[in-house]
Amino acid sequence: MAWSTLQLPLELDAQRDLIAATCAHPLNRRFPVRRSYQEAFVKRLMQLLKDHDELHDDIYESLCGQLAKATLDNEATNSTGSTYAYKHYVLQLGEHITLRESNSFVSEGTTGLCTWEAALALADYLLEHTSLLNGKNVLELGAGAGLLGILLKHRGLQLPVGQVLLTDGSAPCVQLMRDNIALNFKDDPENMRLAPQCAQLRWDQVKQFPWSQYAVPDLLLAADVIYDDTQFESLLQALDYIFNLSENRCQMLLASTVRNVDTLHKFMQQLVEHHYQVTPCANVSACASHFCRDHTAAVQIVSIKR
């Protein structure tokens, strides 16, 4: 919900209900989002309500609670080095994904411990084009915190997908994926049976991966994996191997935040040199998006075949 949709003035009951649906929501109490985000939310709300005669006590209590937590968080971080919080991705009424993610863009030697814009854009695209998933076995490269795979196997969405295997070259990312899969599928043994699988896959060691343990992929996914041109050679090596494994029957969807046009263009050129066909895909519009995300960030999605 955008702040612009908030209808002012807000009566005391409506103020209470707003806090109950956000900071005080049972999901947030159990798996709290980043403390600084909650604090900023309450301060913004108080600013919008500054001309009101009364503010509900729950608003003050929420702010005081966040300020108190700030001191405790700082002490805990200094003693344990923990920099994680939760994010909740609301998909539709009653359906959501909860992920534990790093508060830092770079942590434990990797950028994969948090969800980036390109993953959200690709998730939107898949939800708008579910026919691409029909019976497909999916392999994600550089899966990070695991959003896409958890989305595809979410029981409430009933997407027509086959096996889903999430991979990353970073051991901390693979452990985080396992934690997030357990977080979203543990309530029901049947859920865990249907959950995505995950494994460590280093692109430069693609031939050593135990491919025989998994279904041959029909659809490859990757989001925000080509920001570093020093990784292009190993990524292309991995793509060549996987496409050969599928006898060139698979398709890849690659989503990339446009940070450096030259870097992006360089990888696209190398794909062509490796005999891949690259076709641009239309992004999902902001009004049709299933996620609260930054639509000002340019994201390019392409389909890759050979």
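Quick summary incoming for the structure in this document. Per chain, residue numbering runs from 1 following the sequence as it is written. Local features in this predicted model are restricted to residues of pLDDT 70 or higher, and side-chain atom pairs are both shown and tallied only at a pLDDT of 80 or more, whereas totals for entire chains, interfaces and linings draw on every residue. Excluding hydrogens and water, the side-chain figures rest on all heavy atoms present in the structure.

1. Focus on helix 5 (residues 117-128)
Counting along an α-helix, one turn takes 3.6 residues, and residues three or four places apart therefore face a common direction.
Phase 1: Put simply, DSSP marks the helices as runs of H or I at least four residues long and the strands as runs of E at least two long, and each gets a number from the N terminus on. Expected helix span is computed as 1.5 Å times (number of residues minus one). In a regular helix each residue adds 1.5 Å, so 12 residues correspond to 16 Å; helix 5 covers 17 Å between its end C-alpha atoms and thus fits that length.
Phase 2: In this scheme, a residue with accessible area under 20% of its type's maximum is buried, one over 50% is exposed, and one in between is partly exposed, where area comes from a 1.4 Å probe on protein chains only. Burial of helix 5 is extensive: 10 of the 12 residues sit out of reach of the surface.
Phase 3: Of the positions making up helix 5, those classed as buried are Ala118, Ala119, Leu120, Ala121, Leu122, Ala123, Asp124, Tyr125, Leu126 and Leu127.
Phase 4: In this description, contact between two residues means that some pair of their heavy atoms is separated by no more than 4.5 Å. Where the residues of helix 5 are buried, they touch strand 1 (84-92), helix 6 (147-152), strand 6 (219-223), strand 7 (251-257), strand 8 (277-281) and strand 9 (299-305).

2. Re a negative patch on the surface
Phase 1: A surface patch of negative charge is lined by Asp53, Glu54, Asp57 and Glu61.
Phase 2: Tracing the backbone through its elements, the reader meets Asp53 in the loop between helix 3 (35-48) and helix 4 (57-80). Exposure above 30% relative accessible area and no salt bridge define the residues that can form patches, which grow by joining like charges within 9 Å and nonpolar side chains of Val, Leu, Ile, Met, Phe, Trp and Tyr within 5 Å. What sets the accessible areas is the Shrake-Rupley method with a 1.4 Å probe; for residues, cover comes only from the shown protein chains. When a carboxyl oxygen of Asp or Glu is within 4 Å of a side-chain nitrogen of Lys or Arg, the pair counts as a salt bridge. Neither His nor the chain termini are counted; the positive set is Lys and Arg, and the negative set is Asp and Glu. To locate a charge, take NZ of a lysine, CZ of an arginine, CG of an aspartate or CD of a glutamate.

3. Some remarks on the side chain of Thr263
Phase 1: Tracing the backbone shows Thr263 in helix 10 (residues 261-273).
Phase 2: A residue is classified by how much of its surface remains accessible, and Thr263, at 15% relative accessible area, is buried.
Phase 3: If sequence neighbours within four positions are ignored, Thr263 has contacts with Ile226, Tyr227, Asp229 and Phe232.

4. Points about the packing of helix 9 (residues 232-245) against helix 10
Phase 1: Axis separation between helix 9 and helix 10 bottoms out at 11 Å; the angle between their running directions is 35 degrees. Crossing angle aside, the handedness with which helix 9 passes helix 10 is right-handed. Side by side, helix 9 and helix 10 meet where Phe232, Leu235, Leu236 and Leu239 of the first sit next to Thr263, Lys266, Phe267, Gln270 and Leu271 of the second.
Phase 2: When residues are sorted by character, Ala, Val, Leu, Ile, Met, Phe, Trp, Tyr, Cys and Pro go into the nonpolar class, Asp, Glu, Lys and Arg into the charged class, and all the rest, Gly among them, into the polar class. Split into classes, the residues belonging to the contact of helix 9 with helix 10 amount to 6 nonpolar, 2 polar and 1 charged. Simply put, an axis is a line fit to the C-alpha atoms, just over the touching stretch for a helix, and the angle between two N-to-C directions goes from 0 to 180 degrees. By definition, any crossing whose near helix is turned counterclockwise from its far helix by less than a right angle is left-handed, and any crossing with a clockwise turn is right-handed.

5. Some points on the sheet that holds strand 6
Phase 1: What the 7 strands build is an open sheet, ordered 5-4-3-6-7-9-8; its pairing is mixed. Strands at the two margins of the open sheet, each flanked by one partner only, are strand 5 (197-200) and strand 8. The average angle at which neighbouring strand axes cross in this sheet is 20 degrees, direction not considered.
Phase 2: Note: two strands are recorded as paired if DSSP finds a minimum of 2 bridges between them. Note: strand 8 against strand 9, 5 bridges, orientation antiparallel. When the sheet's bridge partners are listed, Thr279 is paired in strand 9 with Ser303.
Phase 3: Strands strand 6, strand 7, strand 8 and strand 9 of the sheet are contacted by helix 5, whose axis makes an angle of about 135 degrees with strand 7.
Phase 4: Sheet strands touched by helix 7 (residues 171-185): strand 4 (161-168) and strand 5. Its angle to strand 5, the strand with the most contacts, is close to 170 degrees.

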